[in-house]
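Descriptive structure summary
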Amino acid sequence: SQTIHQWPATLVQPVGSPLSLECTVEGTSNPNLYWYRQAAGRGLQLLFYSVGIGQISSEVPQNLSASRPQDRQFILSSKKLLLSDSGFYLCAWSVGLANTGELFFGEGSRLTVL
Amino acid sequence: AQSVTQLDSQVPVFEEAPVELRCNYSSSVSVYLFWYVQYPNQGLQLLLKYLSGSTLVKGINGFEAEFNKSQTSFHLRKPSVHISDTAEYFCAVSDPISNDYKLSFGAGTTVTVRA
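This report concerns the structure included in the present document.

1. Details of the overall build of chain A
Counting secondary structure elements, chain A contains zero helices and 11 strands. When the helices and strands of chain A are read in sequence order from the N terminus, they spell out β-β-β-β-β-β-β-β-β-β-β. For chain A, whose C-alpha radius of gyration is 13 Å, the value lies close to the compact-globule estimate of 13 Å for 114 residues. Relative to its full complement of 114 residues, chain A shows a buried share of 49%. Long-range contacts, defined as pairs at least 24 residues apart, comprise 56% of the intrachain contacts of chain A with a sequence gap of at least 6. Taken as a whole, chain A presents about 5,300 Å² of accessible surface, with 54% of it coming from carbon and sulfur. Charge separation in chain A, taken as the distance between the mean sites of 7 positive and 7 negative side-chain charges, equals 10 Å.

2. Let's talk about the state of the cysteines
All names here are of chain B. Per the stated rule, a full pass over the model turns up two disulfides over all chains. The disulfide partner of Cys23 is Cys91, and the gap between their sulfur atoms is 1.9 Å. What sets the handedness of the Cys23 and Cys91 disulfide is the S-S torsion sign, and at about -65° it is left-handed. Of the two residues, Cys23 is situated in strand S4 (residues 23-25) and Cys91 in strand S10 (residues 87-94); the sequence distance between them amounts to 68 residues. For the residue pair Cys23 and Cys91, the accessibility class agrees, reading buried in each case.

3. Some thoughts on the pattern of salt bridges
Residue and element names in this part refer to chain B. Counting across every chain of the model gives eight salt bridges over all chains. With its nearest N and O atoms 2.7 Å apart, the salt bridge here joins Glu20 to Arg77. With Glu20 in strand S3 (residues 19-21) and Arg77 in strand S9 (residues 73-78), the pair connects residues that are 57 residues apart, well separated along the chain. Residue Glu20 is classed as partly exposed on the basis of its relative accessible area, which comes to 35%. A relative accessible area of 28% means that Arg77 is categorised as partly exposed. In this structure, the salt-bridge partner of Lys58 is Glu64, at a minimum N-O distance of 2.8 Å.

4. Digging into the layout of surface pockets
The space that makes up the second largest pocket amounts to roughly 240 Å³. Taken together, 18 residues line the second largest pocket, and the ones lying closest to its centre are Ala1, Gln2, Lys102, Leu103 and Ser104 of chain B. Listing elements by their share of the lining of the second largest pocket, those giving two or more residues are strand S5 (44-52) of chain A together with S10 and strand S11 (104-105) of chain B. A total of three residues in the lining of the second largest pocket trace back to one element, the largest contributor, which is S5 of chain A. Of the residues in the lining of the second largest pocket, the class split is eight nonpolar, six polar and four charged.

5. Thoughts on the packing of aromatic side chains
All names here are of chain B. According to the stated counting rule, one finds 14 aromatic pairs over all chains in the structure shown. When the ring of Phe90 is compared with that of Phe105, the centres are 6.4 Å apart and the planes differ by 90°; the resulting orientation is edge-to-face. You can see Phe90 sitting in strand S10 and its partner Phe105 sitting in strand S11, a full 15 residues away along the chain. Owing to a relative accessible area of 0%, Phe90 belongs among the buried residues under this scheme. Owing to a relative accessible area of 15%, Phe105 belongs among the buried residues under this scheme.

6. Digging into the sheet that holds strand S7 (residues 65-70) of chain A
All names here are of chain A. Pairing within the open sheet is antiparallel, and its four strands lie in the order S1-S3-S8-S7. Because the sheet does not close on itself, it has two edges, and the strands there are strand S1 (3-7) and S7. Within the sheet, the average angular offset between the axes of one strand and its neighbour, ignoring direction, is 20°. The pairing of S1 with strand S3 (residues 19-26) spans five bridges and is antiparallel.

7. Things to note about unusual backbone geometry
In the segment running from Trp7 of chain A into Pro8 of chain A, the intervening peptide bond is cis, with an omega of 0°. In this fold, Pro8 of chain A is placed in the loop between S1 and strand S2 (10-13). We note that Asn41 of chain B has phi near 60°; this positive angle belongs to a residue other than glycine. Along the chain, Asn41 of chain B falls in the loop between strand S5 (32-38) and strand S6 (44-50). Here Asn41 of chain B falls in the exposed class, since its relative accessible area comes to 56%. The backbone of Thr72 of chain B sits at a positive phi, close to 45°, despite the residue not being glycine. With respect to the helices and strands, the residue Thr72 of chain B is situated in the loop between strand S8 (64-68) and S9.

Rules and cut-offs
- Residues numbered from 1 in each chain as written.
- Chains lettered and ligands numbered in written order.
- Predicted model: local features only at pLDDT ≥ 70, side-chain atom pairs only at ≥ 80, totals over all residues.
- Heavy atoms only, no water.
- Helix = DSSP H or I, 4+ residues; strand = E, 2+ residues; numbered from the N terminus.
- Rg over C-alpha atoms; globule rule 2.2 N^0.38 Å.
- Buried < 20%, exposed > 50% of the residue type's maximum accessible area, 1.4 Å probe, protein only.
- Contact = heavy atoms within 4.5 Å.
- Areas by Shrake-Rupley, 256 points an atom, 1.4 Å probe, with all protein chains shown as cover.
- Lys, Arg positive; Asp, Glu negative; His and termini not counted.
- Charge placed at Lys NZ, Arg CZ, Asp CG, Glu CD.
- Disulfide = S-S within 2.5 Å.
- Salt bridge = Lys/Arg side-chain N within 4 Å of Asp/Glu carboxyl O.
- 1 Å grid on protein atoms, 1.4 Å probe; cavity = no way out; pocket = protein on both sides within 12 Å on 5 of 7 lines; lining within 4 Å.
- Points joined across faces, edges and corners; volume = space filled by probe spheres on them.
- Nonpolar A, V, L, I, M, F, W, Y, C, P; charged D, E, K, R; others polar.
- Phe/Tyr/Trp six-rings, centres within 6.5 Å; stacked < 30°, edge-to-face > 60°.
- Pairing = 2+ DSSP bridges.
- Axes fitted to C-alpha atoms, helices over the stretch in contact; angles between N-to-C directions.

Everything listed is a geometric property; what it means functionally is a separate question.
This is the structure:
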């Protein structure tokens, strides 16, 4: 069966520090991968998605970047965090072929920038 | 691109009472529809989905939803809620014709079940 893991689960970082959140998927090949953010009391905002290794699409201009160095690995990064980067970050995957759009989510990573 | 409107941001309900969460989507020839649940500090979990076939869809934990094409709605219902149903619920839609791999989510409905 397929599983998705993301870490760390909780992170407290000072303003201006770097960020790296990692997500891996097991049990499937060639998945589409996604990073979402939830700010407090707000809905889901799609940040990045990827349909293959090295292929990254950005949905909104921002302080963050994403990379996909391997088929089932998706990394969210920042060189210098801002206060506004605080939130709950969710990684998700969907099947690459015959895609209905159904997403499978990780457990989430809560980032607090102080 | 599709858009989704969840008409209620918060729904308080007493234990063992019924609940309905409303969802409307922008018109399209065909759609795939989903309801997800998010418990505090967790990821989203699929409750149910409509891809084709019967318009009444049954999901996990006693939830069901009805696809109404003429009203472009996909309301979620449960006849009797439990305290453990306290969570945030998201409606989402994808457009199989556009083939852009992305779900459009509603803003979410927070359900609070009280004893």
